[in-house]
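# A structural walkthrough
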Amino acid sequence: MQFQSVTFDLDGTLLDTIADLAEACRRMLDDIGAPTRSHDEITRFVGKGMAVLVERCLTQTTPPSPERLQEGIAAFRKHYATVNGMQARIYPGVREGLELWRAHGLKLGVVTNKPAQFTAPLLARTGLDIYFPVVVSGDTTAEKKPHPEPILHACRLLGVAPQDNLHIGDSINDILAARAAGSRAYCVPYGYNEGRPVDSADCDALVSDLVAAYRQALSPFARK
């Protein structure tokens, strides 16, 4: 095995959380009297954290004022705390893949742009918390992905060099963060990626699921 640790994105990689996010957005928009957004629109808005999601929901012809944005964020926090994890589902191959990585002795962590207030309860509710001694949320560090700092911070906590870490995600934000941190990046094709499908040319490997990612990492033909 060429890696000592693996860090994973959360939404769109480990868990399909779009139903919960869409419901919280719907309730938030209704609360503050803003126009509704479609499920597809909200799916495209996911990727750069809660504040950006809310801002995109509130942006019609112009971005919302700072006061309006804060009103939306407060309403979203309230409603997402209620629905977080209620409709979330684990993607196929995730639990099996995590078992393979853990059995091989690799250190595992989560690096997400989701606020810590929601990350820990979601991992616990879905039973995935048992795999991750290290969790870096969107407000753990001063920067979010695509900045490299969240992955670098996770590597420090895991006690590994960034070049010995593999990051697996579903978006260009994950690829950019991993590359800037000095880690390699695998991508899954089934996530959100702000409405743009990831391309195999953008990452070190495009894998169908976490089991395929494990097999790819074991392959003597895996990119160095």
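Before any of the text, the structure's been laid out above.
Residues numbered from 1 in each chain as written. Predicted model: local features only at pLDDT ≥ 70, side-chain atom pairs only at ≥ 80, totals over all residues. Heavy atoms only, no water.

### Some points on the packing of aromatic side chains
Selection criterion: Pairing of aromatic rings covers Phe, Tyr and Trp, the last through its six-membered ring, and needs centres within 6.5 Å; plane angles under 30 degrees mean stacked, over 60 mean edge-to-face, and all others mean tilted. Helical segments are the DSSP runs of H or I of at least four residues, strand segments are the runs of E of at least two, and each set is numbered from the N terminus. Burial here depends on accessible area, computed with a 1.4 Å probe over protein chains only, as a share of the maximum for the residue type. Under 20% is buried, over 50% is exposed, and the range in between is partly exposed.
According to the stated counting rule, one finds 7 aromatic pairs in the structure shown. Ring geometry for Phe-3 and Tyr-186: centres 6.3 Å apart, planes at 85 degrees, overall edge-to-face. Here Phe-3, found in the segment before β1 (5-8), pairs with Tyr-186, found in strand β7 (residues 184-187); they are 183 residues apart in sequence, far enough to count as distant. Just as Phe-3 is buried, Tyr-186 falls in that class too. Measuring from ring centre to ring centre gives 4.3 Å for Tyr-91 and Tyr-190, while their planes differ by 40 degrees; the resulting arrangement is tilted. Here Tyr-190 lies in the loop between β7 and β8 (205-206) and Tyr-91 lies in the loop between β3 (89-90) and α5 (94-103), a separation of 99 residues in the sequence. Exposure remark for Tyr-190: the relative accessible area of 23% places this residue in the partly exposed category. One aromatic cluster is present, built from ring pairs that chain together Phe-8, Tyr-131 and Phe-132.

### A few points about the environment of Pro-146
Operational definition: Contacts are residue-level and defined by heavy atoms, with any inter-residue pair within 4.5 Å sufficient.
Within the element layout of this structure, Pro-146 appears in the loop between β5 (134-136) and α7 (149-158). The exposure class assigned to Pro-146 is partly exposed, which follows from its relative accessible area of 31%. When the C-alpha positions of Pro-146 and Ile-175 are compared, they lie 7.7 Å apart, and in sequence the two are 29 residues distant. Leaving out residues up to four positions away in the same chain, Pro-146 has contacts with Asn-173, Leu-176 and Ala-177.

### Description of the state of the cysteines
Defined as follows: Note that a disulfide, as used here, is simply two cysteine sulfur atoms within 2.5 Å.
With the rule as written, the count across this model stands at 0 disulfides. Just so you know, Cys-25 is unpaired, no disulfide at all, and the nearest cysteine sulfur is the one on Cys-57, 3.7 Å from it. Judged by relative accessible area, Cys-25 falls into the buried class, the value being 0%. The structure places no disulfide on Cys-155, whose sulfur is separated from the nearest cysteine sulfur, that of Cys-187, by 16 Å.

### A closer look at the nonpolar core
Our working rule: To qualify as a nonpolar core, a set must consist of buried Ala, Val, Leu, Ile, Met, Phe, Trp, Tyr and Cys residues joined through side-chain atoms within 4.5 Å.
Judged by nonpolar contacts, the single largest core of 54 residues is most densely connected at Phe-8, Leu-14, Phe-76, Trp-101, Phe-132 and Ile-168. With 8 residues, the single largest contributor to this core is helix α1 (residues 18-32). Once residues within four sequence positions are removed from consideration, Ile-168 is found in contact with Val-6, Thr-7, Phe-8, Asp-9, Thr-13, Trp-101, Tyr-186, Val-188, Leu-210 and Ala-213.

### Side note on helix α8 (residues 172-181)
Using the following cut-off: Throughout this description, a polar contact denotes any pair of N or O atoms lying within 3.5 Å of each other; where both atoms belong to protein, one of them has to be capable of donating a hydrogen while the other can accept it, and for residues adjacent in sequence the pair is counted only when both atoms sit in side chains.
Among the residues of α8, those classed as buried are Asn-173, Asp-174, Ile-175, Ala-177, Ala-178 and Ala-181. Looking at the packing, one finds that the buried side of α8 touches α7, β6 (165-169) and β7. Between the side-chain oxygen of the N-cap and the backbone nitrogen of Asn-173 there are 3.2 Å, and the N-cap of α8 in question is Ser-171.

### Quick word on the pattern of salt bridges
The test is simple: Each reported salt bridge corresponds to a side-chain nitrogen of Lys or Arg within 4 Å of a carboxyl oxygen of Asp or Glu.
Using the criterion set out here, one finds 12 salt bridges in the structure. Across the salt bridge formed by Lys-145 and Asp-174, the nearest N and O atoms sit 2.8 Å from each other. Of the two residues, Lys-145 sits in the loop between β5 and α7 while Asp-174 sits in helix α8, which places them 29 residues apart along the sequence. Taken together, the salt bridges that share partners define one network made up of Asp-9, Lys-145 and Asp-174.

### Quick notes on the sheet that holds β5
To keep things clear, this is the line we draw: Between any two strands, pairing holds if DSSP finds at least two bridges.
Spatial ordering of the open sheet is given by β5-β4-β1-β6-β7-β8, a layout of 6 strands whose pairing is parallel. Each edge of the open sheet is held by one strand with a lone partner, namely β5 and β8. Sheet topology note: the β1/β6 ladder contains 4 bridges and is parallel. The residue bridging Phe-8 from the neighbouring strand is Ile-168, located in β6.

### Here's the deal with the side chain of Ser-137
Of note, Ser-137 is situated in the loop between β5 and α7. Residue class for Ser-137 comes out buried when judged on its relative accessible area of 4%. A polar side-chain atom of Ser-137 sits 3.2 Å from a polar atom in the side chain of Thr-119.

### Let's talk about helix α3 (residues 50-58)
Given 3.6 residues per turn, any residue in an α-helix points the same way as the ones three and four places further on. Quick note on the threshold: Within this analysis, the arc is defined by the directions that extend from the helix axis to the C-beta atoms.
The complete set of buried residues in α3 reads Met-50, Leu-53, Val-54, Cys-57 and Leu-58. Each buried residue of α3 lies within a common arc of 125 degrees when the element is viewed along its axis, so the set occupies one face. Buried residues in α3 make contact with α1, α2 (39-45), α4 (66-83) and α6 (116-126).

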